[in-house]
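Notes for the structure review
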Amino acid sequence: MKAKFTALAAAALFFAAPVTVFADDYEPYDNSSRAGHVELYAGYGTPSVIPYFVEIFAGLFGALGGVEKMEEQNMGVIQGGVNYYMTDWFLLGLYGSYEQFGIKFDDDDRTDCRIGTLQAKTQFEYGFNHVKFYHALNAGVALIDGQDSEPGFIFGVVPLGLKVSCTDNLSVFAELGFVSNSFVAGGITYRF
């Protein structure tokens, strides 16, 4: 877990460093509207809260027999999506994520649990020309492979995110999230 967090922090610094080079080419007050533009984004982050909830329940049921432990082979959360700027500060979009983790049973059987989500997203952003803070809510459907279950409801919350522009259209982001989102994630966005 510490290694993943360290790697994310190093990547954030690596991507944020060029901002100072690109920022010199900008006008100090770019008042062009973002309304009507589309933004694509992709990112990677630490595991979501879902494997930890499964581990708690596995521990409870493991005490009754069955689940031995959660394996430390969680790959983190791969995420991506598209946003549409309704106004300069309000975005609507689609968010998707994928996460995988393993459960080991007493009889040495192992089950991989793969969770894919597709969610509607709202995002509010504010700040300066090239540095924006944002908050987001998303809700939708979760598809769980590795269990006999129907698609279920899932949601995610980003209480705080930071987006830094590298060029007029290219930005990097870092965010804190809960539930279907990573605890800490980073990535790249491109605005058309």
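Residues numbered from 1 in each chain as written. Predicted model: local features only at pLDDT ≥ 70, side-chain atom pairs only at ≥ 80, totals over all residues. Heavy atoms only, no water.

**Focus: the overall build of the chain**
Within the chain, the secondary structure is distributed over three helices and nine strands. Starting at the N terminus and walking to the C terminus, you meet the elements of the chain as α-α-β-α-β-β-β-β-β-β-β-β. Here the chain holds 192 residues, and the buried ones make up 35% of them. When contacts within the chain are restricted to residue pairs at least 6 apart in sequence, long-range pairs at least 24 apart make up 60% of them. Summed over all atoms, the accessible surface of the chain reaches about 10700 Å², with 69% contributed by carbon and sulfur. (Helix = DSSP H or I, 4+ residues; strand = E, 2+ residues; numbered from the N terminus. Buried < 20%, exposed > 50% of the residue type's maximum accessible area, 1.4 Å probe, protein only. Contact = heavy atoms within 4.5 Å. Areas by Shrake-Rupley, 256 points an atom, 1.4 Å probe, with all protein chains shown as cover.)

**Remarks on a nonpolar patch on the surface**
Side chains of Tyr126, Phe128, Phe133, Leu160, Leu162 and Leu176 sit close together on the surface and give an oily, nonpolar patch of about 560 Å² of accessible area. Tracing the backbone shows leucine 160 in strand β7 (residues 152–165). The partly exposed category is assigned to leucine 160, whose relative accessible area is 38%. (Patch = residues over 30% accessible without salt bridge, like charges linked within 9 Å, V, L, I, M, F, W, Y side chains within 5 Å. Salt bridge = Lys/Arg side-chain N within 4 Å of Asp/Glu carboxyl O.)

**Details of the nonpolar core**
Soluble globular proteins: nonpolar side chains tend toward being buried together. In terms of nonpolar packing, the biggest core is built from seven residues, these being Tyr41, Val77, Tyr95, Tyr134, Ala136, Val158 and Phe173. The contact partners of tyrosine 41, leaving out residues within four places of it in the chain, are Gly80, Gly81, Val82, Asn83, Leu94, Tyr95, Lys121, Phe173, Ile188 and Thr189. Of all hydrophobic cores here, the second largest spans six residues; its members include Phe101, Cys113, Ala142 and Ile154. (Core = buried A, V, L, I, M, F, W, Y, C linked by side-chain atoms within 4.5 Å.)

**Here we look at the side chain of glutamine 79**
Relative to the assigned elements, glutamine 79 resides in strand β3 (residues 77–85). On the basis of relative accessibility, which here comes to 5%, the residue glutamine 79 falls in the buried class. Among the polar contacts made by the side chain of glutamine 79, one reaches the side chain of glutamate 175 at a distance of 3.3 Å. When near neighbours in sequence (up to four residues on either side) are disregarded, glutamine 79 contacts Ala42, Gly43, Tyr44, Tyr95, Gly96, Ser97, Phe173, Glu175, Ser182 and Ala185. (Polar contact = N/O pair within 3.5 Å; in protein donor to acceptor, adjacent residues only side chain to side chain.)

Purely geometric numbers; function is a separate question.
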